[in-house]
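# Coordinates in review
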Amino acid sequence: MSVDISDIARENHAYAIHLATSQSVIAYKNGAFVLLDASFGRHPFEVVDFWRNLSLATEILLKACLLRHHIPFFRKRANGEYGERVTADTNSWLQSTLEAMQISYVAQINTGTVTTALRCAESELFPSLPVNPGQTALISKMFSIIIRTRRNRNSHFFFPNQGVIDFSEVEMLFLPLLNLLETLYSLPSARPI
């Protein structure tokens, strides 16, 4: 039996939306992320969960953009010949990519870090889309800030000082980044299927 990942870009797009909106602070309306609730008075653990989910949402949305526009950012993981086999029956680009990388099992897919995905976006995705270079530079800078201040800190350990919502950070960093990535995801692919 095999897992068909033909729609993996769409599924990750939906998962990024789920993560970004899961605590009802941000909503996804008419193809855009908006601030929904500025009265987040929850336990510090829930606040750290919010930061982690929001940071992860940006990473997953970036990776969904790469897949949507046929940029193979993932690599083959060694010693992953176990579990379910993988195929992309209705996505010829992805199927040929899996074959070229000699990936036969889900466990062999290494999606890498956000930094790796960002490098692929900077070198292959951004130049191939009709997007203002200032916007793509802003995406890179925003990810750099998130990686340094939120992503790694909140994903691997609990620090009590991170248990506070700074809504200016949500409005000036995360919402613009999510919306820029959403715009990239929605653009027609410049690469053949």
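Fair warning: this is a prediction, and the values are worked out from it, not measured in the lab.

This part takes up the overall build of the protein chain. Counting its regular elements, the protein chain contains 6 helices and 6 strands. With respect to the three principal axes, the spread of C-alpha positions in the protein chain is 50 × 40 × 30 Å. In the protein chain, buried positions account for 45% of the 193 residues. Just so you have it, the protein chain exposes about 9,700 Å², and 54% of that area is on carbon and sulfur atoms.

This next bit is on helix α3 (residues 92-100). Every buried residue belonging to α3 is among W93, L94, Q95, T97 and L98, and all of these are buried. Taken together, the buried residues of α3 touch α1 (8-21), α2 (44-68), β5 (85-87) and β6 (109-110). A positive phi of about 55° marks Q102, the residue just after α3.

With that settled, the discussion passes to the environment of W51. Secondary-structure assignment places W51 in helix α2. A sequence separation of 123 residues divides W51 from F174, and the C-alpha atoms of the two residues are 9.8 Å apart.

Okay, the packing of aromatic side chains next. Under the definition given, this model contains 4 aromatic pairs. With a centroid separation of 5.7 Å and 85° between ring planes, the pair formed by F73 and F74 is classed as edge-to-face. Judged by relative accessible area, which is 4%, F74 ranks as buried. Here the aromatic residues F50, W51 and F174 are joined through ring pairs into a cluster of three or more. The ring of Y185 has R68 sitting right over it, with the charged end atom 6.0 Å from the ring centre.

Inspection of the secondary structure assignment puts E182 in helix α6 (residues 167-186). Summary of buried charges: E182 has no salt-bridge partner, and the nearest side chain of opposite charge, R68, is 9.1 Å away. Each residue touching E182, except ones within four places of it in the same chain, is listed here: H13, Y28, G31, F33 and L61.

What follows deals with the pairing of strand β2 (residues 26-29). Relative to strand β3 (residues 32-35), β2 is paired through 4 bridges, and the arrangement is antiparallel. Each residue of the ladder has a partner; that of I26, found in β3, is L35. Taken together, β2 and the strand that follows it, β3, pair antiparallel across an intervening segment of 2 residues, in which N30 is found at a positive phi of about 50°.

Here the phi dihedral of N30 falls at roughly 50°; this positive angle occurs in a residue that is not glycine. Residue placement: N30 occurs in the loop between β2 and β3. The class for N30 is exposed, based on a relative accessible area of 84%. In the Ramachandran plot, H70 falls in the positive-phi region, its phi being about 60° despite a non-glycine side chain. Position of H70 relative to the elements: it lies in the loop between α2 and β4 (75-76).

Rules used throughout
- Residues numbered from 1 in each chain as written.
- Predicted model: local features only at pLDDT ≥ 70, side-chain atom pairs only at ≥ 80, totals over all residues.
- Heavy atoms only, no water.
- Helix = DSSP H or I, 4+ residues; strand = E, 2+ residues; numbered from the N terminus.
- Buried < 20%, exposed > 50% of the residue type's maximum accessible area, 1.4 Å probe, protein only.
- Areas by Shrake-Rupley, 256 points an atom, 1.4 Å probe, with all protein chains shown as cover.
- Contact = heavy atoms within 4.5 Å.
- Phe/Tyr/Trp six-rings, centres within 6.5 Å; stacked < 30°, edge-to-face > 60°.
- Lys NZ or Arg CZ within 6 Å of the ring centre and 35° of its normal.
- Lys, Arg positive; Asp, Glu negative; His and termini not counted.
- Salt bridge = Lys/Arg side-chain N within 4 Å of Asp/Glu carboxyl O.
- Pairing = 2+ DSSP bridges.

Everything listed here is a matter of geometry and, on its own, says nothing about what the molecule does.
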